[in-house]
Amino acid sequence: MTKEDEQLLMQQLIDPKTQRTAFERLVREYSEQLYWQVRRMVLNHDDANDVMQNVFLKAWSHLGDFHHDAKISTWLYRIAVNESLDFLRRQKNQLVVSADDQSHNISQTLMADRYFDGDDTQALLQEAIAQLPEVQRTVFNLRYFDDMKYSEISKLLDTSEGALKASYHIAVKKISDFFKLRD
């Protein structure tokens, strides 16, 4: 979306007469990229759809809170990341299992998911990512899969670029070590 398109969309989101149509456009425009961000965090298609519903409900109910100096995509990504993390925390509180059982469960769940189109290596990568602490996992997903710049991630997560770079490099090292142990 161009900067001009985004500015027009923001104006339409403010105007009660065009707000609903503009929000429908926002959903169409950002659904796919947000879905994949959420999916990489929660792993399961059905869970990702549930989180996405919450993302857009929260965005709709908080339109008035949107700071118009920020990009719409950054605002939506922040909501999506926070909703995904909340989902994972709730899920973690419901299930108390060992790390090995959880990792094995992630691989099995992914391979059994009819929407998962990866191979064993992709499942192992997701297993390695799932073992990372929340912040490292989030930074890795945004940087590696979405090719997001550190400056954008910094705005999204409200942290310094230096801290993000450190988190990313530590995550890469942990993932690399995970695969070395599998050899």
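Check the entry above for the structure.
Residues numbered from 1 in each chain as written. Predicted model: local features only at pLDDT ≥ 70, side-chain atom pairs only at ≥ 80, totals over all residues. Heavy atoms only, no water.

**Student:** Please clarify how the layout of surface pockets should be interpreted in this entry.
**Tutor:** Think of a ball as big as a water molecule: rolled over the atoms, this probe shows where empty space is left. By volume, the second largest pocket is sized at about 560 Å³. Together, 23 residues line the second largest pocket, and A70, K71, S73, T74 and W75 are the ones closest to its centre. Listing elements by their share of the lining of the second largest pocket, those giving two or more residues are α1 (3-14), α2 (19-42), α4 (72-94) and α8 (150-157). By residue class, the composition of the lining of the second largest pocket is 6 nonpolar, 8 polar and 9 charged. (1 Å grid on protein atoms, 1.4 Å probe; cavity = no way out; pocket = protein on both sides within 12 Å on 5 of 7 lines; lining within 4 Å. Points joined across faces, edges and corners; volume = space filled by probe spheres on them. Helix = DSSP H or I, 4+ residues; strand = E, 2+ residues; numbered from the N terminus. Nonpolar A, V, L, I, M, F, W, Y, C, P; charged D, E, K, R; others polar.)

**Student:** What is the right way to read the pattern of salt bridges from this model?
**Tutor:** Between side chains of opposite charge, a pair can form as their charged atoms come close. All told, the structure shown has 5 salt bridges when counted by the stated rule. A salt bridge links K58 to E83; the nearest nitrogen and oxygen atoms lie 2.7 Å apart. You can see K58 sitting in helix α3 (residues 45-61) and its partner E83 sitting in helix α4, a full 25 residues away along the chain. Take K58: its relative accessible area is 34%, and that puts it in the partly exposed class. (Salt bridge = Lys/Arg side-chain N within 4 Å of Asp/Glu carboxyl O. Buried < 20%, exposed > 50% of the residue type's maximum accessible area, 1.4 Å probe, protein only.)

**Student:** When you look at the packing of aromatic side chains in this model, what are you seeing that I'm missing?
**Tutor:** The description of an aromatic ring pair uses the distance of the two centres, along with the angle that the planes make with each other. Within the structure shown, the criterion is met by 10 aromatic pairs. For the pair Y144 and F145, a centre-to-centre distance of 4.9 Å together with 85 degrees between the ring planes defines the contact as edge-to-face. Overall, F145 belongs to the partly exposed group, its relative accessible area being 25%. Above the face of the Y150 ring, R143 is positioned so that its terminal group lies 4.4 Å from the ring centre. (Phe/Tyr/Trp six-rings, centres within 6.5 Å; stacked < 30°, edge-to-face > 60°. Lys NZ or Arg CZ within 6 Å of the ring centre and 35° of its normal.)

**Student:** How should the side chain of S73 be read in this particular structure?
**Tutor:** Position of S73 among the secondary structure elements: in helix α4. The residues contacting S73, other than those within four sequence positions of it, are E6 and Y30. (Contact = heavy atoms within 4.5 Å.)

**Student:** What should I look at first to understand unusual backbone geometry in this one?
**Tutor:** Trans is the prevailing form of peptide bonds, just as negative phi is the prevailing case for residues other than glycine. Notably, L43 is not glycine yet its phi reads approximately 75 degrees, a positive angle. Of note, L43 is situated in the loop between α2 and α3. Look at L43 and you get buried, because its relative accessible area is 14%. Phi is positive for D158, close to 55 degrees, though the residue is something other than glycine. Considering the arrangement of structural elements, one finds D158 in the loop between α8 and α9 (161-182).

**Student:** Help me understand the nonpolar core in this model?
**Tutor:** Burial of nonpolar side chains together is a common tendency in soluble globular proteins. Judged by nonpolar contacts, the single largest core of 46 residues is most densely connected at L13, L26, L34, I72 and L76. When residues of this core are traced back to their parent elements, those giving at least two are α1, α2, α3, α4, α6 (120-130), α7 (134-145), α8 and α9. By residue number, the principal contributor to this core is α4, which donates 10 residues. If near-sequence neighbours (up to four positions away) are discounted, L26 is found in contact with L9, L13, F56, I72 and L76. (Core = buried A, V, L, I, M, F, W, Y, C linked by side-chain atoms within 4.5 Å.)

Note that every value here comes from positions in space, so none of it alone points to a role or purpose.
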